[in-house]
Every structure is written in C-alpha cells, then in structure tokens.
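# Observations on chain architecture
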Amino acid sequence: MNVWQVVGYKNSGKTTLIEKWIKQASQEGYKVGTVKHHGHGGNPDVCHVTNDSSRHQQAGAIVTSVEGNGLLQLHAFQPQWTLSQILSVYSLLPIDFTIVEGYKREQYKKIVMLRTDEDWSSLSVLTNIVAVITWEPSPLLASIPYPVFLINDEKSYLQWLMNEVRKAV
C-alpha cells in the first residue's frame with residue numbers, strides 16, 4: 001500500500017497541505033484516501049472531525065477517517081485502532097494512495113511541517129522523513145539530506161510530491 005504521512009505540530013499547515021495535495025492528485029486522476037489521527041487524547045471532537053474530514057472530502061478524497069481514543073470515524077469501535085488496522089480496511093478500497101495526518105511514530109514516508117526552529121528540534125528524531133515544508137528559512141535545515149520547501153512555494157512542493165507519488169504508484 002502506498003502510504004504517506006504529513007506530520008507537524010498544531011497549526012503547522014498539515015490539513016491545508018493535504019487538501020492541496022488531494023486536489024492535485026484528484027485532478028490527475030488518482031484516487032486518494034486519508035486518515036487523520038486525533039492525537040490530543042479522548043474522542044475526536046465531532047465539529048473538528050467534521051471540518052477536517054469535510055475538507056479532505058471536498059478536496060477529492062474518496063475515503064476519509066479520523067481515529068482517537070479507539071473511535072474510528074467509520075462508525076466502528078474497538079478498544080483501540082492502530083494505523084495498520086485502519087490501513088487494512090483501506091486496502092479493500094479502490095484507492096491509489098493514502099495520506100495519513102499524524103501518527104508521528106509510524107514508519108511511513110513523512111513530510112514534516114515546521115513553523116519554527118523549535119519545531120525542528122523536537123521533530124528531528126522522526127524516521128523516514130522524505131521532505132520538509134517550513135514557514136521560514138532556517139540554517140538548521142541547511143545540512144539535512146532531503147528537500148526543504150518554503151510554505152509559500154506551493155508549486156514546487158506539490159510538483160515534487162506528485163513526482164514521488166508517480167514513482168510509487
């Protein structure tokens with residue numbers, strides 16, 4: 001299964017990036033699924049879930065879900081849903097790739113969203129990073145071995161992401 005993660009702190013632009021990526025992929029004929037992790041403890045807030053899921057759907061995702069505290073917004077319940085269990089459900093659906101928002105500790109290809117240098121200090125321990133999208137240039141990012149894009153260079157990072165998707169599909 002072709003799975004990509006978008007990780008970063010709250011308000012780093014994860015959902016907006018995913019929306020843009022879904023729109024681009026959908027325009028090119030790809031079928032995209034999304035999984036959002038509600039990592040703040042407790043059940044997902046219905047209003048928040050509806051907003052992000054709706055944004056993913058309106059962008060063109062053919063399936064979306066949100067998981068938090070064992071509640072998977074596919075109206076299924078078990079004591080806890082792991083990402084691998086959710087993805088096994090998705091594997092039954094006719095999608096080309098899945099974008100996962102969150103689940104920082106999982107081992108899929110990660111796009112890291114950064115607002116500040118402090119974000120990088122905390123997120124630099126992540127594995128499988130393939131690119132970074134940052135709100136401001138930083139000398140801390142000069143020596144990393146993967147592409148770094150500025151948030152306002154949407155054309156460049158979307159082109160790079162779609163090239164990577166084409167290689168993997």
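Residues numbered from 1 in each chain as written. Predicted model: local features only at pLDDT ≥ 70, side-chain atom pairs only at ≥ 80, totals over all residues. Heavy atoms only, no water.

So, about the overall build of the protein. The helix and strand tally for the protein stands at 5 helices and 9 strands. Secondary structure elements of the protein occur, N-terminal to C-terminal, as β-α-β-α-β-β-β-α-β-β-α-β-β-α. For the protein, contacts bridging at least 24 residues in sequence account for 60% of all contacts bridging at least 6. Counting only carbon and sulfur atoms, one obtains 50% of the accessible surface of the protein, whose full area is about 8600 Å². (Helix = DSSP H or I, 4+ residues; strand = E, 2+ residues; numbered from the N terminus. Contact = heavy atoms within 4.5 Å. Areas by Shrake-Rupley, 256 points an atom, 1.4 Å probe, with all protein chains shown as cover.)

In this section: the packing of aromatic side chains. Summed over the entire model, instances satisfying the criterion amount to 5 aromatic pairs. Judged by centre distance (5.6 Å) and plane angle (75°), the rings of Trp4 and Trp21 are edge-to-face. With Trp4 in strand 1 (residues 3-8) and Trp21 in helix 1 (residues 14-27), this residue pair connects regions lying 17 residues apart in the sequence. By relative accessible area, which is 1% here, Trp4 ends up buried. (Phe/Tyr/Trp six-rings, centres within 6.5 Å; stacked < 30°, edge-to-face > 60°. Buried < 20%, exposed > 50% of the residue type's maximum accessible area, 1.4 Å probe, protein only.)

A few words on the environment of Leu71. Position of Leu71 relative to the elements: it lies in strand 4 (residues 71-72). A relative accessible area of 24% places Leu71 in the partly exposed class. Taking the C-alpha atoms as reference points, Leu71 and Trp81, separated by 10 residues in sequence, lie 7.4 Å from one another.

A separate point is the pairing of strand 7 (residues 109-114). Burial analysis of strand 7 places 5 of its 6 residues in the buried class, which makes it a mostly covered element. In the sheet, strand 1 pairs with strand 7 via 5 bridges, with the strands oriented parallel. When the sheet's bridge partners are listed, Gln5 is paired in strand 7 with Lys110. Where strand 7 meets strand 8 (residues 129-134), 5 bridges bridge the pair, whose relative direction is parallel. (Pairing = 2+ DSSP bridges.)

Take unusual backbone geometry next. Phi is positive for Asn11, close to 65°, though the residue is something other than glycine. In this fold, Asn11 is placed in the loop between strand 1 and helix 1. Taking the relative accessible area as the measure of exposure, Asn11 reaches 57% and is therefore exposed. The phi dihedral of Asn128 is positive, around 60°, even though this residue is not glycine. Its place among the elements puts Asn128 in the loop between helix 4 (117-123) and strand 8. In this structure Asn128 comes out as partly exposed when scored by relative accessible area, which is 36%.

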